[in-house]
Amino acid sequence: MTSTLKIEREGPQQCVARVTLNRPDVRNAFNESVIAELTQAFATLGQDLTLRAIVLAAEGKAFCAGADLNWMKAMAGYSWDENHADASRLAEMLWTIYRCPVPVIARVQGDVYAGGVGLVSVCDMVVAVEGAGFCLSEAKLGLLPATIGPYVVRALGEQASRRYFVTAERFSAAEAHRLGLVHELATPETLDAKVQGLLDALCANGPAAVRACKQLVQDVAHREISPELRDDTARRIADIRASAEGREGVQSFLNKAKPSWLS
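These lines cover the structure that appears in this document, whether it is placed above or below. Nothing here was measured: the structure is a model prediction, and the numbers come from that model. (Residues numbered from 1 in each chain as written. Predicted model: local features only at pLDDT ≥ 70, side-chain atom pairs only at ≥ 80, totals over all residues. Heavy atoms only, no water.)

## Remarks on helix 6 (residues 158-167)
- Restricting attention to buried positions, one finds in helix 6 the residues Ala160, Ser161, Tyr164 and Phe165. The buried residues of helix 6 all sit within an arc of 120° when viewed along its axis, so they share a single face. Exposed positions of helix 6 whose direction lies more than 90 degrees from the buried face are Gln159, Arg162 and Val166.
- Considering only its buried residues, helix 6 is in contact with helix 5 (149-156), strand 9 (170-172) and helix 7 (173-179).
- Directly after helix 6, the chain includes Ala168, whose backbone phi takes a positive value near 55°. (Buried < 20%, exposed > 50% of the residue type's maximum accessible area, 1.4 Å probe, protein only. Helix = DSSP H or I, 4+ residues; strand = E, 2+ residues; numbered from the N terminus. Arc of directions from axis to C-beta. Contact = heavy atoms within 4.5 Å.)

## Overview of the nonpolar core
- Counting residues in hydrophobic clusters, the biggest one holds 69 residues, and the most contacted among them are Phe30, Leu38, Ile54, Val108 and Phe134.
- Residue contacts for Val108: discarding those within four places in its chain leaves Phe63, Val120, Val126, Val127, Ala128, Val129, Ala132, Phe134 and Leu191. (Core = buried A, V, L, I, M, F, W, Y, C linked by side-chain atoms within 4.5 Å.)

## Some points on a nonpolar patch on the surface
- A contiguous nonpolar patch, built from Val250, Phe253 and Leu254 and spanning about 350 Å² of accessible area, is present on the exposed surface.
- The exposure class assigned to Val250 is partly exposed, which follows from its relative accessible area of 46%. (Patch = residues over 30% accessible without salt bridge, like charges linked within 9 Å, V, L, I, M, F, W, Y side chains within 5 Å. Areas by Shrake-Rupley, 256 points an atom, 1.4 Å probe, with all protein chains shown as cover. Salt bridge = Lys/Arg side-chain N within 4 Å of Asp/Glu carboxyl O.)

## Digging into the sheet that holds strand 4 (residues 62-64)
- Overall, mixed pairing links the 4 strands, which are arranged 4-6-8-9 in an open sheet. Strand pairing shows two members of the sheet lacking a second neighbour, strand 4 and strand 9, which therefore form its edges. Sheet twist, expressed as the average angle between the axes of neighbouring strands with direction ignored, equals 20°.
- Two strands pair when backbone bridges link them, and strand 6 (residues 111-113) and strand 8 (residues 133-135) are joined in this way by 2 bridges, in the parallel orientation. (Pairing = 2+ DSSP bridges. Axes fitted to C-alpha atoms, helices over the stretch in contact; angles between N-to-C directions.)

## Section: the pairing of strand 5 (residues 104-108)
- Strand 5 sits mainly inside the fold: 5 of its 5 residues count as buried.
- Because side chains alternate across strand 5, one face comprises the buried residues Val104, Ala106 and Val108, and the other comprises Ile105 and Arg107, equally buried.
- Both strand 5 and strand 7 (residues 125-129) contribute to a ladder of 4 bridges, which runs parallel. Looking across to strand 7, one finds that Ala106 is bridged to Val126.

Next comes the structure, spelled out in structure tokens:
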């Protein structure tokens, strides 16, 4: 436990971590403490080689409502330098989750607003209840979704972002699913089963391979398929084929045996 998060271990050999936003009274909104504790939690969990997956969840009716009102009141009196430092801490938090070597699943049980959309966007998989609403509401306040912008545009798509950044309209979980921000829709009753299905799939795969696959997507997305990139990908597959896990996985498949990570 931290002051704003619950952090638990579960699954076989405690190989899954669950990080739960625990400020339901303020709809799990961000403040300095939430940002600092999420940054530290994901930096620490990312170094744990026994971890196979992380579930990012939230208590209460909302997943995350963006900025805490008291935090916003404090920011209203900030200088430019103070605003820049504050925004840089949020940017670092988002980057830490995005680059966490362990796959991260967002369990979205309720509404997602403003910075909360950024939090969802840095996760690798998103399961949301059908009744959840999404809103990039910054423009309503005369602001813009700047620090979350690079991740939201990647996850939501450029054309949809051109609309929802400037209109600040609320859109449904079904629309978020259609646009690719949400991977799976669920009812409240099936939400945990959908998340567990993804955890089961992740834990059936080679642990090092899963981490390498996550990094591969981030490293090759939007890059020109140049001779340098082709050589880089050839080196990556050679590295993992020659690794102990890669050799064991191939031999287990050929011999119709279970690899050690399934035993």
